[in-house]
Amino acid sequence: MHFLRCVLAEWALVRPRLSRTRYGGADALAIALHAGALGGVLGAAFAAGSPADRAAFAITLTHPTTPLAVACGRWLAASIPAAVLTLACTALVGWETGAALAGLAAAAAVSGFALAAVLVAGTPAALVLFLCTALAGAVPPETIVGVAEPGAARLAVASILELGPALWRYREVATGDIGALIHAGAWAGLGIVLASGLVRRAARLAS
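Residues numbered from 1 in each chain as written. Predicted model: local features only at pLDDT ≥ 70, side-chain atom pairs only at ≥ 80, totals over all residues. Heavy atoms only, no water.

(A) Spatial organisation of the packing of helix α5 (residues 97-121) against helix α6 (residues 123-136). Direction vectors running N to C along α5 and α6 enclose 140°, while the axes themselves pass 6 Å from each other. Considered as vectors, α5 and α6 are oriented oblique to each other. Taken together, the residues of α6 that come into contact with α5 (itself represented by F113, A114, A117, V118 and A121) are T123, P124, A125, A126 and L129. For the contact of α5 with α6, a count of residues per class yields 9 nonpolar, 1 polar and no charged. (Axes fitted to C-alpha atoms, helices over the stretch in contact; angles between N-to-C directions. Helix = DSSP H or I, 4+ residues; strand = E, 2+ residues; numbered from the N terminus. Parallel < 35°, antiparallel > 145°, perpendicular 65-115°, else oblique. Contact = heavy atoms within 4.5 Å. Nonpolar A, V, L, I, M, F, W, Y, C, P; charged D, E, K, R; others polar.)

Below, the structure is given as structure tokens:
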């Protein structure tokens, strides 16, 4: 018990320093959103990104299950670790319930989107999605097109950020925006439905 008290005392001493320095440049909401989204991408890559995963669907579907059940299971395998990471990071920088909820919404939505993406293109899709989410996911679309001549590329990026599971939208979950929460749920559900079709397709190609 004395050892545990010493460990906790040391943690209590260092934790404020971590919050002020390394994590002080970003607010708790931003950290929760990135933890949820990036964790969802990584989770999807590990859950269904390899060719062996996709080849195994043919065997899996010979059992009494369905493509939708398989897709739901893989989504859970991607989203639960992302949710745990979100909660841990939120607790680390100073717990804020709104930030945690926003991060969980991002984890659910991005896990669904990423799951469908990796079932189409494997781990390279996860790498691209990870980088895009980390670099531009929190940027509002109006910032992208807010120049005199935005060009086709900027318009395309802004459209993706407007429609897709982007972090800038899920910031509003922290303030109780129901629309943002519905958007996250819709992307989670759409990703699972798309993944179920891709599971069926992968099983058919492998058999």
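(B) Summary view of the packing of aromatic side chains. Applying the stated criterion to the full structure yields 1 aromatic pair. Their ring planes at 80° and their centres at 5.2 Å tell us that F113 and W187 sit as a pair that is edge-to-face. Taken together, the residues F113 in helix α5 and W187 in helix α10 (residues 178-206) connect sequence positions 74 residues apart. By relative accessible area, F113 is classed as partly exposed at 30%. Given a relative accessible area of 17%, W187 falls into the buried group. (Phe/Tyr/Trp six-rings, centres within 6.5 Å; stacked < 30°, edge-to-face > 60°. Buried < 20%, exposed > 50% of the residue type's maximum accessible area, 1.4 Å probe, protein only.)

(C) A look at the packing of helix α4 (residues 67-93) against α5. Two numbers describe how α4 lies on α5: the axes approach to 9 Å, and their chain directions differ by 150°. In terms of orientation, α4 lies roughly antiparallel with respect to α5. Between α4 and α5 the crossing geometry is right-handed. From α4, A71, R74, W75, A78, S79, A82, A83, T86, L87 and T90 reach across to α5, where they touch A100, G103, L104, A107, A108, S111, G112 and L115. Taken together, the residues that form the contact of α4 with α5 break down as 11 nonpolar, 6 polar and 1 charged. (Left-handed = near helix turned anticlockwise from the far one by under 90°.)

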